[in-house]
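If you want the building blocks of each chain, they are given just below.
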Amino acid sequence: MSYRIFLAGASGAIGRRLTPLLHSAGHYVCGTTRSKMKADTLRSLGADPVVVDVFDATALTHAVTSARPDVVIHQLTDLPKDLDPREMGAAIIRTARIRGEGTRNLVRAAIAAGARRLVAQSIAWAYAPGAEPHAETDPLDAGAEGDSGVNVRGLIALEDLTLKSPPLEGVVLRYGQLYGPGTASDWPSDYAPIQVDAAAYAALLAVDRCDPGIYNIAQSNRHVRTEKARVELGWTPDFRLPA
Ligand SMILES: NC(=O)c1ccc[n+]([C@@H]2O[C@H](COP(=O)([O-])OP(=O)(O)OC[C@H]3O[C@@H](n4cnc5c(N)ncnc54)[C@H](OP(=O)(O)O)[C@@H]3O)[C@@H](O)[C@H]2O)c1
């Protein structure tokens, strides 16, 4: 089955791997960037590019309704390419705003456009302290302080908006720590690593292969359970795009 997809964040680390995957699977992809300079790149990856800022609610609603998507995929963050620690404090604040206000704008636009499903990027290392490995039913660390608290409150807002905005079917992908092409690392982290192609593959599958809900997406590790994605989504961490 092929669908019309609105991919918010097509120019990001995951978006650049996900766009050709969606296109090759036969889906129509309308992909976003804020930069006119990146529009040609998105076109070469298989997307119909649209230049829009998620905080411009009117322009966003126009872009999404024009695309008439069946499914909206949210891969928006605003982090420094190399995750430079000196820039992370400000980046965490910007990204929390995207996850709150930006997700709210995207949900409203998706509903206005008549989309059926919203698939959104969260993270798998924000669980409250407790027995490991964490399942998707474990609580997030809502009591965290400082930058971590800003981060987790943004994630909670994003997940609530994604999962509790009927009639949208919400799917939250809690990604582990990315590595691979276009990310800040060539090598897996010690915590719950995920290669960027396998992360994109989970979003491709989430378009129509799973029930609404939350899925941890990471390689086998001792911190986070990943059985649900393997069994219910049919996902494997070994997926790679052709070189
Ligand atoms: N789970 C993880 O470990 C994880 C998750 C995400 C990112 N990261 C890391 O963070 C670094 C940067 O990654 P990235 O390039 O994907 O992230 P990014 O530069 O933060 O960009 C992500 C996407 O969000 C878009 N975006 C940002 N702010 C926006 C806004 N206000 N309105 C509309 N679109 C907006 C960007 O579009 P533009 O083209 O307009 O910039 C881009 O398409 C990488 O090293 C990556 O590995 C890690």
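Use the structure listed above.
Residues numbered from 1 in each chain as written. Predicted model: local features only at pLDDT ≥ 70, side-chain atom pairs only at ≥ 80, totals over all residues. Heavy atoms only, no water.

Asks: What should I look at first to understand the site of the ligand in this one?
Replies: Near the ligand lie 29 residues; those nearest to it are Ser11, Ala13, Arg34, Thr77 and Lys81. Gly12 places a main-chain nitrogen or oxygen 3.1 Å from an oxygen atom of the ligand. Within the side chain of Asp53, a nitrogen or oxygen atom sits 3.2 Å from a nitrogen atom of the ligand. Within the complex, 94% of the 890 Å² of free accessible area of the ligand lies under protein. According to the grid-proximity analysis, the pocket containing the ligand is the largest pocket. (Near = heavy atom within 4 Å. Polar contact = N/O pair within 3.5 Å; in protein donor to acceptor, adjacent residues only side chain to side chain. Areas by Shrake-Rupley, 256 points an atom, 1.4 Å probe, with all protein chains shown as cover. 1 Å grid on protein atoms, 1.4 Å probe; cavity = no way out; pocket = protein on both sides within 12 Å on 5 of 7 lines; lining within 4 Å. Sits in = over half its atoms within 2 Å of the grid points.)

Asks: What is the right way to look at the nonpolar core in this model?
Replies: The tendency in soluble globular proteins is for nonpolar side chains to be buried side by side. Leu22, Ile73, Leu173, Ile217, Leu233 and Trp235 are the most contacted members of the largest nonpolar core, which has 36 residues in total. With 10 residues, the top contributor of residues to this core is helix α6 (residues 196-206). By size, the runner-up hydrophobic cluster in this structure holds 22 residues, among which are Val50, Val52, Ala115 and Leu161. (Core = buried A, V, L, I, M, F, W, Y, C linked by side-chain atoms within 4.5 Å. Buried < 20%, exposed > 50% of the residue type's maximum accessible area, 1.4 Å probe, protein only. Helix = DSSP H or I, 4+ residues; strand = E, 2+ residues; numbered from the N terminus.)

Asks: Hey, could you run me through the packing of aromatic side chains in this one?
Replies: In this description, an aromatic ring pair is defined by two values, namely the gap between the centres and the angle between the planes. Scanning the model with the defined rule gives 1 aromatic pair in all. Judged by centre distance (4.2 Å) and plane angle (10°), the ring pair of Tyr201 and Phe239 falls under stacked. A residue pair is termed long-range when its members are at least 10 positions apart, and Tyr201 in helix α6 and Phe239 in the segment after α7 (227-233) qualify at 38 residues. Relative accessible area serves as the criterion here: at 16%, Tyr201 is assigned to the buried category. Taking NZ or CZ as reference, Arg97 lies 3.6 Å from the ring centre of Phe55, over its face. Its guanidinium or amino end placed over the ring of Tyr215, Lys228 lies 4.5 Å from that ring's centre, counting from NZ or CZ. (Phe/Tyr/Trp six-rings, centres within 6.5 Å; stacked < 30°, edge-to-face > 60°. Lys NZ or Arg CZ within 6 Å of the ring centre and 35° of its normal.)

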